Amino acid sequence: YKSYLRQGMDYARSFAHTDTVMDFLRQPKVLLKLITTFIMMLIFSCVLDQGYAKDIRYQDLCLYNRKQGACNFTVGISIIAFFVGIFYLVLIYFWDRIQNPVTRKYIVFVDFVYCGFWAFLFFIDFCYITDAWRKTDKNFELITSHVKSNLQFTIICSFASIVLLAFQSFIAFKEMNDIQNEASGFESGSGGFGSQPFPAHNENDNNYQGPY
């Protein structure tokens, strides 16, 4: 029990170490994950705060052309993406402790599939809420200027999520290939796929044949 407690305290100290955290935050992949996770929080916060009617006469009415699915779908995929983003940030921080290349490959593969699929979901969401907002009656009594700006900002964030998630899927694909190459012993500049250096020739060997 004491050994586990000591190990947990060591993890906490390493995570709290300023240099370690700063090096972690400087990684481009971490910055992308942080920005994406923050945007997800903005999306579901805006919809939950201003996307549903507060008036008792229109209880929980979605203000995207009164289409309940538009608000529910947007909130659902953004909340899931928010928690997945936090989970992957923790994985990236402890990445060096994962020594098994097979485990690393599976983690990156899941990230590749997740980011690609969620980029597709946000593409659907962007088209859905954009069309719903186009058809919304802007003179509806509950759509104030503050509500309007929040709903329009959600559309912008949804489009930004498509770009960010698609780019992260591309990065994960490249990283998956790098892990595969490392596992198969491939080194850049070695002359090809898994090629080995030519063996040294001994001119005293009877079987040795000169180049000319």
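Cut-offs and rules
Residues numbered from 1 in each chain as written. Predicted model: local features only at pLDDT ≥ 70, side-chain atom pairs only at ≥ 80, totals over all residues. Heavy atoms only, no water. Core = buried A, V, L, I, M, F, W, Y, C linked by side-chain atoms within 4.5 Å. Buried < 20%, exposed > 50% of the residue type's maximum accessible area, 1.4 Å probe, protein only. Helix = DSSP H or I, 4+ residues; strand = E, 2+ residues; numbered from the N terminus. Contact = heavy atoms within 4.5 Å. 1 Å grid on protein atoms, 1.4 Å probe; cavity = no way out; pocket = protein on both sides within 12 Å on 5 of 7 lines; lining within 4 Å. Points joined across faces, edges and corners; volume = space filled by probe spheres on them. Nonpolar A, V, L, I, M, F, W, Y, C, P; charged D, E, K, R; others polar. Salt bridge = Lys/Arg side-chain N within 4 Å of Asp/Glu carboxyl O. Disulfide = S-S within 2.5 Å.

1. Points about the nonpolar core
Counting residues in hydrophobic clusters, the biggest one holds 37 residues, and the most contacted among them are M40, L63, Y64, W118, F122 and L165. If you list the elements that add at least two residues to this core, you get α3 (28-51), α4 (68-93), α5 (101-135) and α6 (145-183). Take this core: its biggest share by element is 9 residues, from α5. Excluding its chain neighbours within four sequence positions, the residues that come into contact with L165 are T36, M40, C115, W118, A119 and F122. Membership of the second largest hydrophobic core comes to 9 residues, among which are Y88, V108, M176 and I179.

2. Things to note about the environment of W95
Mapped onto the secondary structure, W95 falls in the loop between α4 and α5. Of the residues examined, W95 reaches a relative accessible area of 15% and is grouped as buried. With sequence-adjacent residues up to four places away left out, W95 is seen in contact with R104, I107, V108, E175 and I179.

3. Let's talk about the layout of surface pockets
Considering only enclosed or pocket space, the largest pocket measures out at about 260 Å³ in volume. Contributing elements (two or more residues each) for the lining of the largest pocket: α2 (18-25) and α4. For the lining of the largest pocket, a count of residues per class yields 5 nonpolar, 3 polar and 4 charged.

4. Quick look at the pattern of salt bridges
Inspection of the entire model under this criterion finds 4 salt bridges. A salt bridge links K29 to E175; the nearest nitrogen and oxygen atoms lie 3.0 Å apart. Of this pair, K29 sits in helix α3 while E175 is found in helix α6, placing the two residues 146 residues apart along the sequence. By relative accessible area, E175 is classed as buried at 18%. Between D111 and K33 there is a salt bridge, and its shortest N-O distance comes to 2.8 Å. With D111 in helix α5 and K33 in helix α3, this residue pair connects regions lying 78 residues apart in the sequence. You'll find D111 and K33 in the same group, each marked buried. Each of D131, R134 and K135 takes part in a single network of salt bridges with overlapping partners.

5. A word on empty space enclosed by the protein
All chains considered together, the criterion is met by 3 cavities of 30 Å³ or more. If you add up the space inside the largest cavity, you get close to 80 Å³. Lining the largest cavity, in full, are K29, K33, Y88, L91, I92, W95, I107, V108, D111 and E175. Elements supplying a minimum of two residues to the lining of the largest cavity: α3, α4 and α5. A per-class count over the lining of the largest cavity returns 6 nonpolar, no polar and 4 charged. Its boundaries defined by the atoms lining it, the second largest cavity holds a volume of some 70 Å³. Taken together, K33, T36, T37, M40, A81, V84, G85, Y88, Y114, L165 and Q168 make up the full set of residues lining the second largest cavity. A class-by-class count of the residues in the lining of the second largest cavity yields 6 nonpolar, 4 polar and 1 charged.

6. Description of the state of the cysteines
Considering all chains together, one arrives at 1 disulfide under this definition. Covalent S-S linkage joins C62 and C71, the inter-sulfur distance amounting to 2.0 Å. Here the S-S torsion is close to 75°, and the disulfide linking C62 with C71 is therefore right-handed. On the basis of relative accessibility, which here comes to 0%, the residue C71 falls in the buried class.

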